[in-house]
Structures are given as C-alpha cells and as structure tokens.
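So the chains spell out like this:
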Amino acid sequence: MIRLERRPQPSRAWSYAAPVVAVALTMVAGGLMFAALGIDPLAALKAIFWDPLLGEFAFYYRGQILVKAGPLILIAVGLALGFRAGVWNIGAEGQYIMGAILGAAAGLAFYPSGSWLIFPLMVVAGALGGLLWAMIPALLKVRFGTNEILVSLMLVYVAENVLASASVSWLRNPEAVGFPGSRNLGRWEASANPELIAGTGAHWGVLTALLAVVAAHVLLHRHLLGFHLRLAGEAPRAARFAGVNPGRLVAVCFCISGALAGLAGLFEVTGPAGQVNIDFASGYGFTAIIVAFLGRLSPIGILLAGLLMGLTYVGGDAAATNLGLPIAAISAFQGMLLFFLLAVDVLANFRVTRTSPPAAKAALPKTVGDHSFGGAE
Amino acid sequence: MTDILTIDGLTKRYPGVTANDSVSLRIRRGAIHALLGENGAGKSTLVKAIFGLVKPDAGTMTFDGAPHAPADPQAARRAGVAMVFQHFSLFDALSVAENVSLGMEDPPALRDLAGRIRQVSEAYGLPLDPARRVGDLSAGERQRVEIVRCLLQEPKLLIMDEPTSVLTPQEVDRLFSTLRKLSAEGTSILYISHKLEEIRQLCEAATILRGGKVVAEADPRATSAARLAETMVGQALRPPKAAAHATGDVLLRVEGLSLPPASKFGTPLRDVALELRAGEVLGIGGVAGNGQDELLGALSGERRSAPGTITLEGADVSRLGPTERRRAGLLAAPEERLGHAAAPAMSLTENAALTGTVREDLAARGFVRWGAARAFAERVISAFDVRTPGPGAAARSLSGGNLQKFVIGREVLQRPRVLVVDQPTWGVDAAAAAAIRQALLDLAAGGAGVIVVSQDLDEVMEIADRFAALNEGRLSAPVPAADLTLERIGLMLGGAHGMQAA
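So, how was this worked out
Residues numbered from 1 in each chain as written. Chains lettered and ligands numbered in written order. Predicted model: local features only at pLDDT ≥ 70, side-chain atom pairs only at ≥ 80, totals over all residues. Helix = DSSP H or I, 4+ residues; strand = E, 2+ residues; numbered from the N terminus. Rg over C-alpha atoms; globule rule 2.2 N^0.38 Å. Buried ≥ 20, exposed ≤ 12 C-beta atoms within 10 Å, placed from the backbone. Contact = placed C-beta atoms within 7 Å. Pairing = 2+ DSSP bridges. Right-handed = clockwise from strand over helix to strand, strands pointing away. pLDDT = per-residue confidence, 0-100. Domains from an automatic or database assignment. Nonpolar A, V, L, I, M, F, W, Y, C, P; charged D, E, K, R; others polar. Axes fitted to C-alpha atoms, helices over the stretch in contact; angles between N-to-C directions. Parallel < 35°, antiparallel > 145°, perpendicular 65-115°, else oblique. Left-handed = near helix turned anticlockwise from the far one by under 90°.

1. A closer look at the overall build of chain B
Working step 1: Counting its secondary structure elements, chain B contains 16 helices and 23 strands.
Working step 2: Taking 502 residues into account, the globule formula puts the C-alpha radius of gyration at 23 Å, and chain B, at 23 Å, falls close to it.
Working step 3: Taken along the three principal axes of its C-alpha coordinates, chain B extends 70 × 50 × 40 Å.
Working step 4: Relative to its 502 residues, chain B shows a buried fraction of 52%.
Working step 5: Here the analysis covers contacts within chain B between residues at least 6 apart in sequence; of these, 68% occur between residues at least 24 apart.

2. Re the overall build of chain A
Working step 1: Across its full length, chain A holds 14 helices and two strands.
Working step 2: The C-alpha radius of gyration of chain A comes to 23 Å, within 12% of the 21 Å expected for a compact globule of 377 residues.
Working step 3: Projected onto its principal axes, the C-alpha coordinates of chain A cover approximately 75 × 55 × 35 Å.
Working step 4: With 377 residues in all, chain A has 48% of them scored as buried.
Working step 5: Within chain A, contacts between residues separated by at least 24 positions form 79% of all contacts whose residues are at least 6 apart in sequence.

3. Description of the pairing of strand 19 (residues 418-422) of chain B
Side chains on a regular strand alternate between the two faces of the sheet.
Residues and elements named next belong to chain B.
Working step 1: Within strand 19, five of the five residues are buried, which leaves the element mostly enclosed by the surrounding structure.
Working step 2: Of the two faces of strand 19, both are covered, the one formed by V418, V420 and D422 as well as the one formed by L419 and V421.
Working step 3: With four bridges joining them, strand 16 (residues 330-333) and strand 19 adopt parallel strand pairing. Considered in strand 19, the bridge of A333 is made with V421.
Working step 4: Note that strand 19 and strand 20 (residues 449-454) share five bridges and pair parallel. Among the inter-strand pairings, D422 is bridged to a residue of strand 20, identified as V453.
Working step 5: With respect to chirality, the unit in which strand 19 leads through helix 14 (residues 430-445) into the neighbouring parallel strand 20 is right-handed.

4. Some remarks on the confidence of the model for chain B
Residues and elements named next belong to chain B.
Working step 1: Put simply, chain B has an average pLDDT of 87, and 95% of its residues get 70 or more.
Working step 2: A low-confidence stretch, residues 497-502 stays under pLDDT 50, and its non-local contacts, those more than four residues away or across chains, total six contacts.
Working step 3: Interface scoring of the predicted complex returns ipTM 0.81; its pTM is 0.76.

5. Quick look at the domain arrangement of chain B
All names here are of chain B.
Working step 1: Each assigned domain of chain B is listed with its residue range as follows: domain 1 (3-233) and domain 2 (250-338 + 417-500).
Working step 2: Summarising the inter-unit geometry, the C-alpha centres of domain 1 and domain 2 are found 31 Å apart.
Working step 3: Across the contact, 16 residues belong to domain 1 and 17 residues belong to domain 2.
Working step 4: Elements that contribute at least two residues to the side of domain 1 that touches domain 2 include exactly helix 5 (139-151), helix 6 (169-184) and helix 8 (225-233).
Working step 5: Residues belonging to the side of domain 1 that touches domain 2 are distributed by class as follows: six nonpolar, eight polar and two charged.

6. Some remarks on the sheet that holds strand 11 (residues 250-259) of chain B
Residues and elements named next belong to chain B.
Working step 1: Taken together, four strands build an open sheet; the order of strands is 12-11-14-15 and the sheet is antiparallel. Each edge of the sheet is formed by a strand with only one pairing partner; in this case those strands are strand 12 (269-277) and strand 15 (315-316).
Working step 2: Bridge analysis of strand 11 against strand 14 (residues 310-312) gives three bridges, and the strand direction is antiparallel. Note that in strand 14 the partner of R253 across the bridge is T311.
Working step 3: Along the sheet face, helix 9 (residues 292-300) touches strand 11, strand 12 and strand 14 and points at about 60 degrees away from the line of strand 12.

7. As for the packing of helix 3 (residues 58-84) of chain A against helix 11 (residues 284-294) of chain A
A pair of packed helices is characterised by two quantities: the angle between their axes and the separation of those axes.
All names here are of chain A.
Working step 1: The interhelical angle for the contact between helix 3 and helix 11, taken along N-to-C directions, is 60 degrees, at an axis separation of 8 Å. Taken together, the axes of helix 3 and helix 11 lie oblique to each other. Between helix 3 and helix 11 the crossing geometry is right-handed. Across the interface between the two elements, P71, L72, I73, I75, A76, L79, A80 and F83 from helix 3 touch Y284, G285, T287, A288, I289, V291 and A292 from helix 11.
Working step 2: Classifying every residue of the contact of helix 3 with helix 11 gives 13 nonpolar, two polar and no charged.

8. Notes on the packing of helix 11 (residues 348-356) of chain B against helix 13 (residues 400-412) of chain B
Residues and elements named next belong to chain B.
Working step 1: Between helix 11 and helix 13, the shortest axis-to-axis distance is 10 Å and the interhelical angle comes to 40 degrees. Our classification of the angle between helix 11 and helix 13 gives oblique. The chirality of how helix 11 crosses helix 13 is right-handed. In this structure, helix 11 uses L348, A352, T355 and G356 to contact helix 13, whose residues at the interface are F406, R410 and E411.
Working step 2: For the contact of helix 11 with helix 13, a count of residues per class yields three nonpolar, two polar and two charged.

9. Describing the environment of I75 of chain A
Residues and elements named next belong to chain A.
Working step 1: Within the element layout of this structure, I75 appears in helix 3.
Working step 2: Residue I75 is classed as buried on the basis of its C-beta count, with 36 C-beta atoms lying within 10 Å.
Working step 3: Each C-alpha atom of the pair I75 and A261 lies 4.8 Å from the other, and the pair is 186 residues apart in sequence.
Working step 4: If near-sequence neighbours (up to four positions away) are discounted, I75 is found in contact with A92, Y96, L260, A261, A264, Y284, G285 and A288.

In structure tokens:
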C-alpha cells in the first residue's frame, strides 16, 4: 500500500523538477495517444516540439511562438496573482474579449484620425474594458458572497455574445458589404500593433507581457501587497490577523487580472487578429489557466510555461496540417500537461511511503488521515 | 503475566531526527502509567506506534501476551488499544450517538447504541445524552463522547493524550474518578500530560522521555514535581517571578462589547467589559469555546465592534483594523499557531513580517524590507531561544513549543502597550512555558498591560494579578488573583457570576 506523508517543508528540488517530469510524462502519454490514433508518435512529437524551433521552416514558426505566448503569458501572470491569493478568476477569456471590444471601440470612435494618441488611448481603454468586466464577479463576491468562479466563468459566455453583436452590428465595418467584423485595425496606422522587430513576432503585447512578468515578480517577492497576496492564499486566517482586508484583496486581484486580460485582448485585436470579429475569441483566457499552473503560479515560471504552450500551439498546428493530427488531440495533449503537472505537484508537498496493506475502510473520523500527518513529535 | 504492554528497544527515525531511540517500557495490568516529556521528546511517536499510526523502524512490542505490530488503528483497536486524542475528532452537526457510531467498525442500530452509551456513561460517571448534538456540548462533554466511544470497545489499554487541558477543575476531578474506576477494573491507562501535580495525584508509575530516549522511570507519588520537571527538561527550572511593580493608569478599556458569533458554532460576546492598567496581568479563564476566539478577534481588530466599545489609552480603536491597532500599540497572539498566528508554509522571516511590518518598520513605501524582516526574525529566535535551523525554516517545521515561543516573542519584542495572548503555553513543554510566562511578566513589569486568556488555571494563577472568567461569551467582574481558590474559580467558570459580587 502506498501512502502519502506530508513533508515538514515543501521540497525545493521537487518543485523545480515537477514541470520537467510532467512534460516528460505528457510526451509519453501523448505519444501513446498519437499511436492509438494511428500516427507515428515520434514524428508527431518531433513536429510539435522540434520542427517549430529547429526544423526547416523554423524561421516562420519561431515568430508565431511569441505571437501565441505573448497573450498567454500576459493573462496568466494576472491570473496567477489571484490564484496565489485564493481568488479564482476563471473568466479571463471574457475579460480578454471585452478589452478588445472596448479598446477597438475607443479607437474606431476617432476613425480616420491619424493622431499618435489613438493607440495609447486604445491601450488604456482595453485595460479598462477587461478591468470593468472583472469587477462584476469581484463586487458580487465581496458584496453578496457569490462564487467568483461561477460568475466569472458565466460572464465569458455573455462576453462572447457581446462580441457577436459588436461584430455584426455596432462595430461592423460600414464599408464591408455584408461581411461581419470591424474595420481592420492592423491596417489603420493609428491603431496598428505591428511586429516591432521583423521576424520575431514580438509586438507591443509581447513586450507588455515581459514587463508584466518582471513587475509581478517584484510585486510578489518585494512588495507588501504581494506578501499579503501570498499570505491570503497560504493561510486566510493569518492574513486577516496580519491586517489584510479580504474583500479589498479580491477586488485588487480581479482588477489586475482583468486589466491584463483586457490588454492581451487589445494587443491581439490590433495586431495578429486585426479586427473585432465573431471568431476573435480563441481560448487564450482558458489556456492561460493551464499556463499559470504549469508555471507554478510564479511569473518566471509562467514566462517559460507560456513559451512552452506557445510551442505546443504552433507545433500542434503544424502537426495537424502535416500529419493529419486532429485538433482535438492537440487540446487533449495540452490538457494532459496540466493533469500531469498537478499530479506530480503532490510530490513537492508529500513524500510517498510504503506501508503494509491495511483493510480498506471508509474514512472514519478517527483514521490515519486525521492524525498521521502531524509529523514527528 | 502482570504486564499488559511491553515495549523493547523501539526505534523510529524521521529524516533528520530520531523520534524514538531504543525506547523500552512496561505497563502493568490495571496501572495508570504516566508518559512524561517535553514537546519533541518522542511521546507522540511512541503512542502512535502503539496505536498503529506509525510503523517503528526497530524494536518489538508485546500486548496482552501476543506480539503487537498493528498496521493501522483498526488493528490496534481490535487488539484492545483505545486512544483519546488531545484534539477531538467529532462532527459538530451530528448527535452523540451518530458520532460514536461513525467511529465503530461494525456499529449496531442507533437505538441500541444509544442504550449502550447511556449504560456505559452511567457506569463510569460520565453523564452524556446520546441524542444531543455535539455542536452544543462543552469541551468536557465532548471529551466524554471520546472516552465513551473508547470504552464501548472494552479496551485493555486506554491512551489519553493531555486529557485535562480543556477541563474545569470539577471536570478534572470527575475524570480522575472515572480513570481510577477503570483502573480498578483492570483496564490499564497510559496517561500523557505536562501537568505534574496531576500525574502525582493519579499515576502510580511514570516513564520520562527526553530527546527520544527513556531517561528515567519514576514513582510519581514518591517524587516531587520539581524533581520530575528537572528530569524531563534535563536542567533545573526557575519558576517565573514577577518583579514587584505598581499598576498605573488604565491602558485598555472595554465597555459594552457585544458581537454575534463568527460561525454557526461560535459563541457571541455579550456585553463584555474590562479595564486593564499599565503593569498589570489580567488572566481570563474559561473552558474552550466560551468566547475566547471571539474576544481575541475583537481585541486584535480582526473583527470590528461598535464605536466606543474598545478604548486604548483614551483613543477609540473599536473601528480600526489589526494594522492600525498595532500602530497604536495593541498587539495580540491568537491561540491557533498554525494558520492563524503564523502561516504554516511560510518562513520565519515572512512570519516575522506578518505582524511586525508597522512597529518594526519592515516596509518602506510599500516594499517589504526583507533584510530587516530577517534580522527581526533572528532577534526573536535568539531572544526566545527558538530551536530552528534559521529564519528560512517554514513555520510548520518547528515543534509546537518552538513555534509558540516565536509567536509570543514576535509580539513581545515589538514593545506593545497592551498585549493580548490566547493560550500562550498550550502544548508547550515546561521549560518553554516558563520562559513564555517570564517574558509576559517582564513585559508587564516594564509598564505594558497584558491579558492572558488561558484554559490552564495553574498558569493563570501563577502570573495573573486579577482574574476574570469567560462563560458563554460573558465576562465576570475581575477579582484579585491572590483571593482565589481553585474551587472559587471553578464556580466562576461554571457561570455562577453572582457569587463573587464582593
């Protein structure tokens, strides 16, 4: 019988090794899945992990990796701050959409002005759009004690409907005969968010994501607010004792994560996507949750995890095109990554011990679980 | 065959520590046998081995003539070992009978069980109504549920871990007569406690552990408490002494403080009033669950109360949060060390910053000065002799006593005007408890006011200048501690407020 015993201190070695082990296990399990689908697993793994970085067409794929990783990192950094504090914003996708819509609307209101102020204005409006959308679950939670997970998640579907309505009616390009979608923001100089260095894929959003990583790292490890965030997540009662106001903390977490998701949406809509359209929502807001956990909720980890996830996106696309891998298999593959990470994660806090098999019994109030984790006295 | 349990050379190692080093022990049939030792001496590990919660690395146990190597508590129970834990594992929302039934391997129908509970509880002087909800029971009654649950198994050996820490003196007397009756009927009892006087009253043999080894076998009836304590700690103990001091102006005034309970099974505070003067230690006694948590929360600022209810040095602090109250000089140390007073997974440095930010100037323009926090943690560690590898260690890696020293030290070193502590020496070994009490007395001697909320009456009697009892959220009028007897305290705890109008 294998039993888990709580470690007196979380193992440092394991907390660093866990993501690597999780990636390795994902490769094995994913390979088996690909084999079961009748595709050579080695070829599939090579297409996903190797070709985009060092393959024949890597010059194209490498830029794409940053394009995908940028919004993932930007959103995940914001989410991670909340997750560290035990505040669960699951609705980043909705905030991402609303940021894009409000940002685009703010810019298009001045079309066709060529003022240089338009892009900064759109950036502010984009952040505000995400922030305001995020304040809905935050205020409902603080005021009425609603569950922020449900409310923020449900608001994603509301946002998707707002997106559809914007694309076909009030933000629709009046010059596009019958087609849905706004004017192309990427081709309008005042609003465009171009590649800053040709061939890298790095646009303003990627730069902002890097800044967010640095800022979040400093916040978490140097600033009092970051300390209080971590404290609230570790021990809510101790946080209140330390003087943390739980309601204010919820609001702050949703503000930050909403604004960053809104920014990600704005940079996406002005750059790679180019316009507000019904197919704008691409799932970055949900994938960012995986990225946040894969990065162990630490900003630096998220930077690496975002790049890895960007790689599986780009590589997965390539594998789908070249090897006929179903897109669903790529999603399952990404899901496995989170699954294995969470599973391996247990080893950072618990060690596995072997005991002789006891009779299987339902959990009694006075069983092993209650008392054996007390450590050595 | 006079021994019920024989342990020979039992050894259990954890990474970095040998919890039990070749421990040998014999418990006679029908004896009440004390297991003594400081926190970290290895008592819990030894008991867990007997109860099947820990698998020893070496050594043998013989129970009732047969080899004893239980794989789990169920096996130990089948062999005839029962245990009453220090922390109860009962469900508040269920009845007594339902709780007992949940702990049984093969529970009979609830109605039959209720009958048996009544029968056992009467036979052993443990009055208990099987139909009552556990959430409504006092700590003493909850303990009875645990004891009855054990007795229903008709154990040959009953292990009791710190059973009296939650009881009033009258309840302690009742428990002792139950234990004596059991012992007379041939049930052996392994009794773990820090309270040496109790052990001298009750036990006929004692095994003293220190650092995982048996350092002495003693007859507690023939050995003085001081001698037992010294053997346990390995050094001579100095009882805490209050420096002579005069009490000064009123520092803290609480008037008409009422608060609804924070949770369903919490206790409301009802019209609490008290005055604390500079240089004074006010002891607040009471059985657990009578509003201690709520009172501490109201004083620390975790819960706000109506304006004008709490005044510190003339300023109304009722509406201020914990941070502002700390700035004003009102500090607190809650009972629950892990998760309330300290964040378990965080380092001692971080835990030092948890309350020290304002008064120790650990933050500048919103940024934590981790260097200063570390230095503060190191000061606490050295001033209070906290045994730990260093300020980087996680709070949960410390033993209970060491963490408690850290928590109390953290507040004391911040030079509070008023310090409120709840159960400052709960589960702490004798040496650490003496150090903590001395620090509180020194603090008062330096002109601060100290409120000690404690269920340990010996502690309250030892250090308090005045004593008040907390009962169902009401605080009795304080009386000078010098005038008190244990009987009178017992009555006050029971809620007989009218009796000390004088």
